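Each chain is listed here by its residues.
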Amino acid sequence: ARYRRKQVCKWLVLDGNKLAEHGLTAFKISGKAAVLEQIAVNGAKSHGIVLEKCQGATFRSCTSSYNGKDGWRLIDCNAARFDSCVAMMNGGNGFTIAAKDYSAGCMLTGFWSEKNKGHGVVVEPQVISPVLLRDAWIEGNDLDGVRIGGIDAVLNGLGVTGRGKNGNRAIRLLKGSVG
């Protein structure tokens with residue numbers, strides 16, 4: 001039998017102290033054996049957590065708060081799973097799902113996005129594979145609760161409340177995302 005090594009990182013706190021550009025930046029944490037759990041990031045000048053090409057990995061019970069821009073920036077994280085993750089009080093969006101080279105579909109389940117200066121969750125128009133947003137609490141973000149620009153998203157069990165100012169919506173589907 002082949003021994004498969006598991007990559008696990010648990011119980012880590014990163015405080016950017018408004019000096020670090022990003023709280024946590026990771027490239028290619030990939031595969032089902034890769035798990036990041038109970039990571040807390042706060043106080044970065046820019047984005048709290050930036051993940052690129054982290055395909056098929058699991059991120060569980062991680063928190064990103066009080067950062068200058070997005071709490072989470074997920075780029076090309078195909079088939080990655082984000083369970084019970086939190087984005088609060090960030091200067092940009094709570095969660096931004098983006099694509100550069102890949103289709104970027106991923107799963108966010110049981111998550112919480114509250115009091116961010118931007119949108120609660122953004123799926124950018126370049127994302128072309130399914131994004132699953134399930135069982136979440138999205139509240140009090142300054143812009144739309146959920147903003148879908150990608151062409152394939154599944155929304156299920158979302159509790160979305162907003163401030164209702166300046167034409168912001170609980171859920172907004174951009175023109176290119178509506179079939």
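The following refers to the structure shown. No experiment lies behind these values; they were computed from the predicted model shown.

Some details on the pattern of salt bridges
Proximity of charged atoms lets side chains of opposite charge pair with each other. Counted according to the given criterion, the structure contains 13 salt bridges. Among the ionic pairs, Lys53 bridges to Asp76, the shortest N-O distance being 3.2 Å. Highlighted residues: Lys53 in the loop between β4 (49–52) and β5 (58–60) and Asp76 in the loop between β7 (72–75) and β8 (81–83), separated in sequence by 23 residues. Look at Lys53 and you get buried, because its relative accessible area is 7%. Using a relative accessible area of 0% as the deciding quantity, one classes Asp76 as buried. If you follow the salt bridges from partner to partner, you end up with Glu52, Lys53, Asp76, Lys100 and Asp101 in one network.

Comments concerning the environment of Tyr102
With respect to the secondary-structure elements, Tyr102 resides in the loop between β10 (95–98) and β11 (107–109). Accessibility expressed as a relative area gives 32% for Tyr102, which makes it partly exposed. Sequence-wise, Tyr102 and Val127 are 25 residues apart; in three dimensions their C-alpha atoms are separated by 8.1 Å. Excluding residues within four positions of it along the chain, Tyr102 makes contact with Lys28, Lys53, Gln55, Asp76 and Asn78.

Cut-offs and rules
- Residues numbered from 1 in each chain as written.
- Predicted model: local features only at pLDDT ≥ 70, side-chain atom pairs only at ≥ 80, totals over all residues.
- Heavy atoms only, no water.
- Salt bridge = Lys/Arg side-chain N within 4 Å of Asp/Glu carboxyl O.
- Helix = DSSP H or I, 4+ residues; strand = E, 2+ residues; numbered from the N terminus.
- Buried < 20%, exposed > 50% of the residue type's maximum accessible area, 1.4 Å probe, protein only.
- Contact = heavy atoms within 4.5 Å.

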